[in-house]
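Residue-level listing of the chains:
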Amino acid sequence: MTPVERHAELVYAESLFEKALLGIVYSGDWLAFIKEALNMRTTINIYRQLGKYLDTVDAEAQASGLGSEDPSVDAHFRSGVYLGAGMSNLILSLMPSKLLTIVELFGYKGDRRAGLAYLERAGGWSVDLEKPAVSLEQEGVRRTICDMCLLIFHLVLSSFVFDGVDIRMAQKILDYHIQRYPNGVFFLFGQGRLHLCRSQPATALEYYRKALQAQSQYRNIHHISYWEMAVTHFALWELPESLEYWRTLATEATWSKATYTYGRAVCLLQVGDEKDQEEVAALMARVPELRQRIAGKSIPLEKLIARKARKFAQQGGRLALPALEFAYIFLGIAHAPRAVLLGRILPVVDAQLRALDAHAADPATYGNGASGRGADEYWDDRALALFLKGVCLRFVAYPDKDAVLGAEDEAAMKEGRAEAARGATKAFEEVFAQGPKIVYDHYLVYYAHLEYARLLACERDKEAARRHLELVLSGKPLEVNPAARKGKYSMENALHVRAHAALEGLERDRPL
């Protein structure tokens, strides 16, 4: 192929990929969705062929003694092929196992390590080297985009996957680009995300503020930082500060009005000021109306919060630990420092459990007992409180794999690990035992199996961890009495993605 022909194929593939991606997001019915999915298939085929072409000409160049790469192929074309081939492999490797089985029937298989290797080649990144091998003069025009894709994988998608994630690689890429673009919004945001992954939320907030100050032209970019700052304040259990960002998002952003409105409501509700009760009720009433659809399908998170909003009304304006439950969904507990978990969050959970214990002799008197649903509310709230206690104690015993601990925290963690792990195990087992009594929040039992499996993996009991993960993926009703549940439980697909990733990480001996 001539240079013009090569670039024409590459630009066509990129245009088709962007068109297909937009079409999938905005398609209103299954026919449009399938049409754009077929366009995506064409894109993947083109990238595959271009990747094979590069491998062939490079092999010929090496055989002729011209070096490891064909000098006639320019860096801009190479970086484009690396970007397309890398992202194709990554996207396919992230698909849920059931969908991946169907895709593989058509001859497509995503290799995550190959995808990451393609993206790293664009900048010459290596585990062994602190600096990239590809210099500023040698790089292709799409090299920065390849680096940004790597950062998204290591810092954002790491919330759902375990295999292939390398925070040290993300640190190297960020250090290089922060020197190159000191006020680059994306890289300042990346630094914030890096510190959040390391359970350093206070430092993360500093970088998010810098990202806000770096530009004022694109307000939508500010909304990304506002979202992260709202979640980061959850990790510090600073609800009034988190509330302010949910307020701003609810007023300005349009991505998910239902989520922003619910975030605002649960912060007000958890703080517990009586004068805010009327505002909370008005916000909760709006949540179900603000739901939207993508590709004709409801957003799972919005379905969950709509159910919670209806439950709030049904229970006479009350929800148990609403902000903490919301924080768990966005990994606010996972990224919370150990001192925050012990000093701020666990006391709130224990207070809720004490309030429940006061009605243990007669659960029917709990909550809105006059409605005749007191017992139903009691068992749902108890399961939620125990689940959140188990999650908190699990991270007290075994902080997130990328968390950075000080010397004092490290010593205290080792000293109190056994007791915290026992407490987490007891809490999760109580959730399993109370599964038949849950009326509304069935998802708690399934998520408890995931979190208990992760705890067992940390304790090096791989067989027991595998059993719990396989139970989650089996599709069996784990709450024992599923008669009260209609259809799927909340956030089922998200749980399957995380359980599949955890099982894959377990097989490769990756920390969970």
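The structure under discussion appears in the preceding block.
Residues numbered from 1 in each chain as written. Predicted model: local features only at pLDDT ≥ 70, side-chain atom pairs only at ≥ 80, totals over all residues. Heavy atoms only, no water.

Q: Sorry, what's going on with helix 16 (residues 338-357) here?
A: Residue pairs three or four apart in sequence face the same way in an α-helix, which turns once every 3.6 residues. With 20 residues, helix 16 should reach 28 Å at 1.5 Å per residue; the first-to-last C-alpha distance of 26 Å fits that figure. Remark: the principal bend of helix 16, roughly 40 degrees, maps to Ile345, with a proline, Pro347, within the next four residues. Taken together, the buried residues of helix 16 touch helix 10 (219-235), helix 15 (322-329), helix 17 (374-397) and helix 18 (407-433). (Helix = DSSP H or I, 4+ residues; strand = E, 2+ residues; numbered from the N terminus. Expected span 1.5 Å × (residues − 1). Bend = angle between axes of the 7 residues up to and from the residue. Contact = heavy atoms within 4.5 Å.)

Q: Explanation requested: the environment of Ala306 in the structure shown.
A: When you line up the elements, Ala306 lands in helix 14 (residues 300-314). A residue is classified by how much of its surface remains accessible, and Ala306, at 0% relative accessible area, is buried. Between the C-alpha atoms of Ala306 and Tyr218, which are 88 residues apart in sequence, the distance is 30 Å. Those residues in contact with Ala306 that lie beyond four places of it in its chain are Val287, Pro288 and Arg291. (Buried < 20%, exposed > 50% of the residue type's maximum accessible area, 1.4 Å probe, protein only.)

Q: Explanation requested: the pattern of salt bridges in the structure shown.
A: Side chains that differ in sign of charge can pair as their charged atoms come close. All told, the structure shown has 30 salt bridges when counted by the stated rule. As a salt-bridge pair, Asp163 and Arg113 come within 2.7 Å of each other at their nearest N and O atoms. Of this pair, Asp163 sits in the loop between helix 6 (143-156) and helix 7 (167-180) while Arg113 sits in helix 5 (residues 112-123), placing them 50 residues apart in sequence. Judged by its relative accessible area of 45%, Arg113 falls in the partly exposed class. Linking Asp509 and Arg460 is a salt bridge whose minimum nitrogen-to-oxygen distance equals 3.1 Å. Here Asp509, found in the segment after helix 21 (492-507), pairs with Arg460, found in the loop between helix 19 (443-458) and helix 20 (462-474); they are 49 residues apart in sequence, far enough to count as distant. Overall, the relative accessible area of 57% leaves Arg460 in the exposed class. Salt bridges linked by common partners bring Lys308, Lys311, Glu325, Asp380 and Asp441 together as one network. (Salt bridge = Lys/Arg side-chain N within 4 Å of Asp/Glu carboxyl O.)

Q: It is not clear to me how the nonpolar core should be interpreted in this structure. Could you clarify?
A: Generally speaking, nonpolar side chains in soluble globular proteins are found buried as a group. Membership of the largest hydrophobic core comes to 108 residues, with the highest contact counts inside it found for Trp246, Met284, Ile333 and Phe387. The element that contributes the greatest number of residues to this core is helix 17, accounting for 14 residues. Not counting residues within four places of it along the chain, the set of residues in contact with Ile333 comprises Leu324, Ala327, Tyr328, Leu341, Leu388, Val391, Cys392 and Phe395. Counting 37 residues, the second largest nonpolar core, distinct from the first, contains Ile46, Tyr82, Leu90 and Leu194. (Core = buried A, V, L, I, M, F, W, Y, C linked by side-chain atoms within 4.5 Å.)

Q: When you look at a positive patch on the surface in this model, what are you seeing that I'm missing?
A: Taken together, the side chains of Arg293, Lys297, Lys303, Arg307, Arg310 and Lys488 define a basic patch exposed on the protein surface. For the positive patch, the element with the most residues is helix 14, which contributes three residues. Its place among the elements puts Lys488 in the loop between helix 20 and helix 21. (Patch = residues over 30% accessible without salt bridge, like charges linked within 9 Å, V, L, I, M, F, W, Y side chains within 5 Å. Areas by Shrake-Rupley, 256 points an atom, 1.4 Å probe, with all protein chains shown as cover. Lys, Arg positive; Asp, Glu negative; His and termini not counted. Charge placed at Lys NZ, Arg CZ, Asp CG, Glu CD.)

Q: Can you help me understand the packing of aromatic side chains in this one?
A: What describes a pair of aromatic rings is the distance from one ring centre to the other and the angle between the planes of the rings. If you walk through the whole model with that rule in mind, you get 24 aromatic pairs. For the ring pair Tyr82 and Tyr118, a centre distance of 6.2 Å and an interplane angle of 35 degrees mean the geometry is tilted. With a gap of 36 residues between them, Tyr82 in helix 3 (residues 75-93) and Tyr118 in helix 5 connect regions that are remote in the sequence. A residue is classified by how much of its surface remains accessible, and Tyr82, at 3% relative accessible area, is buried. On the basis of relative accessible area, Tyr118 is assigned to the buried category, the value being 17%. Taking 6.0 Å as the distance between ring centres and 45 degrees as the angle between the ring planes, the aromatic pair formed by Phe428 and Tyr452 counts as tilted. Pair noted here: Phe428 is in helix 18 and Tyr452 is in helix 19, with a separation of 24 residues, a long-range link. Across from the ring centre of Phe77, 5.7 Å away, lies the NZ or CZ of Arg6, which sits over that ring. Its guanidinium or amino end placed over the ring of Trp379, Lys437 lies 4.0 Å from that ring's centre, counting from NZ or CZ. (Phe/Tyr/Trp six-rings, centres within 6.5 Å; stacked < 30°, edge-to-face > 60°. Lys NZ or Arg CZ within 6 Å of the ring centre and 35° of its normal.)

Q: Please clarify how unusual backbone geometry should be interpreted in this entry.
A: Here Ser199, not a glycine, exhibits a phi torsion of approximately 60 degrees, which is positive. On the secondary structure map, Ser199 appears in the loop between helix 8 (185-197) and helix 9 (201-214). With phi around 60 degrees, Asp509 is a residue other than glycine that occupies positive phi space.

Q: Could you clarify how one ought to interpret the packing of helix 10 against helix 11 (residues 239-252) in this entry?
A: The angle between the axes and the distance between the axes are what describe a pair of packed helices. At a closest axis distance of 8 Å, the pairing of helix 10 and helix 11 adopts a crossing angle of 150 degrees. Compared by their axis directions, helix 10 and helix 11 come out roughly antiparallel. Where helix 10 crosses over helix 11, the two elements pack in a sense that is left-handed. When helix 10 is examined against helix 11, the residues Arg219, His223, Tyr226, Trp227, Met229, Ala230, His233 and Phe234 are found in contact with a partner set consisting of Leu239, Glu241, Ser242, Tyr245, Trp246, Thr248, Leu249 and Glu252. Here the residues of the contact of helix 10 with helix 11 are counted per class, giving nine nonpolar, four polar and three charged. (Axes fitted to C-alpha atoms, helices over the stretch in contact; angles between N-to-C directions. Parallel < 35°, antiparallel > 145°, perpendicular 65-115°, else oblique. Left-handed = near helix turned anticlockwise from the far one by under 90°. Nonpolar A, V, L, I, M, F, W, Y, C, P; charged D, E, K, R; others polar.)

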